[in-house]
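Structure assessment
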Amino acid sequence: MSPTSSGPTLERGLSNRHIQLIAIGGAIGTGLFMGSGKTISVAGPSVIFVYMIIGFMLFFVMRAMGELLLSNLEYKTFADFAGDLLGPWAAFFTGWTYWFCWVVTGIADVVAIAHYVAFWWGDLPLWIPALACIALLLVLNLATVKAFGETEFWFALIKIVAIGALIVVGLVMIITGFQHDGTTSSFANLWAHGGMFPTGFMGFVAGFQIAVFAFVGIELVGTTAAETKDPEKTLPKAINSIPARILFFYVGALLILMMVEPWNLFSAENSPFVGMFALAGLAGAAGIINFVVLTSATSSANSGIYSTSRMLRGLSMEGHAPKSFAKLSGRKVPKNALMFSCMFLLAGVALLYSGDSVMGAFTLVTTVSALCFMFVWTIILLSYLVFRARRPHLHDASKFKVPGGVLMPYVVLGFFGFIIWALTTQADTFTALLITPAWFLVLGAGYLYIRRNPQHQELRAAHLAKVAHERYEAAAYRDAKSFATHEEEAAPRANENVHQ
């Protein structure tokens, strides 16, 4: 997408505290609360290395995204710089794929929310909390972007308090030597039951299959760029704090869980958070964690509706989606795009009454969604590599350069290849891997139709001309830089000759 698209502008209503908490909320998925039991049961204590490696790799994706967004403050989302650097096809595929990712995830969240509410009101028809959730999300997002920011702020705060409480309670249990069913809470539980890699290398690999999905949404701050106050300060701060958040929220919490209780006692079906609070004798532990997971799922759906509406608006402004999606309300919110995305969430209401077999298929579809998130992360890295090649002057001027230079994107892309291989080792994830290309075939058909549009033809021609011009400028810049360096090196030698 072109960064210079004209039209009404979004409001920069997100403050520093909103961005920081949105970044935390994006980094802490519902999978940590509900899926960590399964991850621990298949990988054992080595799961901490799994989360550290994934977090390390995705940090570089976020740094690449940050450098690109800050190189041109007219970029609204990462789909914008993808289109600007890779071509109109990249904007189309990235924008629509990201929309698909969050819509499918949102449908899953609506189904989950309805079941979480049933924990307290079992006789309440499931369609009531599902519809109430969709209506609430629509109202919150139609108000102002600040309302979205405030909602995410408090949702993220609940997650932080829950994990902080788990760490404090767990430490008390470890220090006091809490005993349960013949086991004692101890630091030694990490290595005393088969070592750090008790399930072997393939068990370690299996941990990646599950854990990578817990990081879905980490790129969410990239869709807030156009509505962030002082993005040159807030975005770097949010991105740079990701490693510390991964260490505290993921590694810290999992270490505590496995020290309180040996890893081989964890169930893949139950939340280890509920189990630990129950062991501690905390009254209403199940209800408390149910509330935390409910807010986590609502936060995920809220983020999804926000990001899909901004992506649709960007697609519309470049002719990749209906023009009506670009229209802003009086509160500077893309209302048509919001309502379109919310309409698809209604599919979640239908799935509530579809039976177990459909729920199994639905789990498969959400795995496909997570694979599509990996596609988006890959596009971010490819955009960065092209940026380095064609706009070296902007990279040299950047105050937020990617650590490790041009090497790290290739390392992360290699890691994504490893993840894809890991997905082939299990039947359910392998099936999802085979199904995923169907989405890109649908997109490909849509793009072949769109590209015949005269507006799109002009867009492609303009992009090709810009690429040729930028390559010429990049070569001239490198030549001038090389010449200047040569002159600087030659100057001391010339001075030495004069003195001699």
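This is a predicted model, so every value here is computed, not measured.

Rules behind the numbers
Along each chain, the written sequence defines residue order, and numbers are assigned to residues from 1. With pLDDT at 70 or above as the cut-off, local features in this predicted model cover only qualifying residues; side-chain atom pairs require 80 or more to be listed or tallied, and sums for whole chains, interfaces and linings still use all residues. Excluded from the side-chain calculation are hydrogens and water; included are all heavy atoms of the structure. Secondary structure elements follow DSSP: runs of H or I of four or more residues count as helices, runs of E of two or more count as strands, with numbering from the N terminus. Remark: exposure states derive from per-residue accessible area (1.4 Å probe, protein chains only) relative to the maximum for the residue type, with buried under 20%, exposed over 50%, and partly exposed in between. Residues count as neighbours in contact if any of their non-hydrogen atoms are within 4.5 Å of one another. The Shrake-Rupley method, run with a 1.4 Å probe sphere, supplies the accessible areas, and residue values consider only the shown protein chains as cover. The criterion for an aromatic pair is that two Phe, Tyr or Trp rings (for Trp, the six-membered ring) have centres within 6.5 Å, with stacked assigned to planes under 30 degrees apart, edge-to-face to planes over 60 apart and tilted to the rest. Joining through side-chain atoms within 4.5 Å is the link that ties buried Ala, Val, Leu, Ile, Met, Phe, Trp, Tyr and Cys residues into a set, and such a set is a nonpolar core. In plain terms, two cysteine sulfur atoms within 2.5 Å form what is called a disulfide here. Any residue with an atom within 4 Å of a point lines the site, the site being either a cavity, points on a 1 Å grid over the protein atoms alone where a 1.4 Å probe fits but cannot get out, or a pocket, an open set with protein on both sides within 12 Å along at least 5 of 7 lines. Grid points are joined across faces, edges and corners, and a volume is the space filled by probe spheres set on the points. Here the term charged refers only to Asp, Glu, Lys and Arg, the term nonpolar to Ala, Val, Leu, Ile, Met, Phe, Trp, Tyr, Cys and Pro, and the term polar to all other amino acids, Gly among them. As a rule, the C-alpha atoms of each element are fitted with a line to give its axis, helices using only the stretch in contact, and angles between N-to-C directions run from 0 to 180 degrees. Throughout this description, any angle smaller than 35 degrees is read as roughly parallel, any larger than 145 degrees as roughly antiparallel, any in the 65 to 115 degree range as roughly perpendicular, and the remainder as oblique. Note on convention: the crossing is left-handed when the near helix lies turned anticlockwise from the far helix by less than a right angle, right-handed when the turn is clockwise. To estimate how far a helix should reach, multiply one less than its number of residues by 1.5 Å.

Before going further, it helps to examine the overall build of the protein chain. Assigned secondary structure in the protein chain consists of 20 helices and two strands. When the 500 residues of the protein chain are sorted by exposure, 54% land in the buried category. For the protein chain, contacts bridging at least 24 residues in sequence account for 84% of all contacts bridging at least 6. For the protein chain, the computed accessible surface area is about 20,700 Å², with 67% contributed by carbon and sulfur atoms.

Tallied over the full model, the rule gives 33 aromatic pairs. Their ring planes at 75 degrees and their centres at 5.8 Å tell us that phenylalanine 92 and phenylalanine 93 sit as a pair that is edge-to-face. There is no split in this pair, since phenylalanine 92 and phenylalanine 93 are both buried. Ring geometry for tryptophan 102 and phenylalanine 373: centres 5.5 Å apart, planes at 90 degrees, overall edge-to-face. Taken together, the residues tryptophan 102 in helix H6 (residues 88-117) and phenylalanine 373 in helix H15 (residues 356-390) connect sequence positions 271 residues apart. Of the two residues examined, tryptophan 102 and phenylalanine 373, each falls in the buried class.

On to the nonpolar core. Core analysis: the largest hydrophobic core is formed by 127 residues, its most contacted members being Ile54, Phe81, Trp96, Leu166, Met258, Trp377 and Phe416. Top element by residues in this core is H6. It accounts for 17 residues.

Turning to the state of the cysteines, a few remarks are in order. Should the sulfur atoms of two cysteines be covalently bonded, the bond is a disulfide. Under the criterion given, the structure shown has zero disulfides. Left unpaired, cysteine 133 is separated from the closest cysteine sulfur, that of cysteine 342, by 9.1 Å. Looking at cysteine 133, the relative accessible area reads 7%, which means it is buried. Here cysteine 372 is not disulfide-linked; the sulfur of cysteine 101 is the nearest cysteine sulfur, at 4.7 Å.

A few words now on empty space enclosed by the protein. The final tally for this structure, using the stated rule, is one cavity of 30 Å³ or more. Top contributing element to the lining of the largest cavity by residue count: helix H20 (residues 454-499), with three residues. Of the residues assigned to the lining of the largest cavity, the class counts are two nonpolar, four polar and one charged.

Where helix H7 (residues 127-143) contacts helix H14 (residues 335-351), the two axes come as close as 10 Å, and the packing angle between them is 170 degrees. By the angle between their directions, the pair H7 and H14 is classed as roughly antiparallel. For the pair H7 and H14, the sense of crossing is right-handed. Contact residues: Trp127, Ala130, Leu131, Ile134, Leu137, Leu138, Asn141 and Leu142 in H7; Lys335, Leu338, Met339, Cys342, Leu345, Leu346 and Val349 in H14. The class makeup of the residues in the contact of H7 with H14 is 13 nonpolar, one polar and one charged.

Turning to the packing of H6 against H14, a few remarks are in order. Remark: H6 packs on H14, axes separated minimally by 8 Å, with the N-to-C direction vectors making an angle of 40 degrees. On the basis of their axis angle, the class for H6 and H14 is oblique. Along this stretch, H6 crosses H14, giving a crossing that reads as right-handed. Facing Trp99, Val103, Gly106, Ile107, Val110 and Val111 of H6, the residues of H14 in contact are Phe340, Ser341, Phe344, Leu345, Ala347, Gly348 and Leu351. Of the residues that constitute the contact of H6 with H14, the class distribution is ten nonpolar, three polar and no charged.

Below, the discussion takes up helix H5 (residues 78-86). For H5, a buried count of nine out of nine residues is recorded, marking the element as mostly surrounded by other parts of the structure. If you check which residues of H5 are buried, you get Phe78, Ala79, Asp80, Phe81, Ala82, Gly83, Asp84, Leu85 and Leu86.

A word on helix H4 (residues 47-71). Side chains three or four residues apart in an α-helix point the same way, a direct result of the helix having 3.6 residues per turn. Helix length check: H4, at 25 residues, gives a terminal C-alpha distance of 36 Å against a target of 36 Å (1.5 Å per residue), a fit within 8%. Burial of H4 is extensive: 20 of the 25 residues sit out of reach of the surface.

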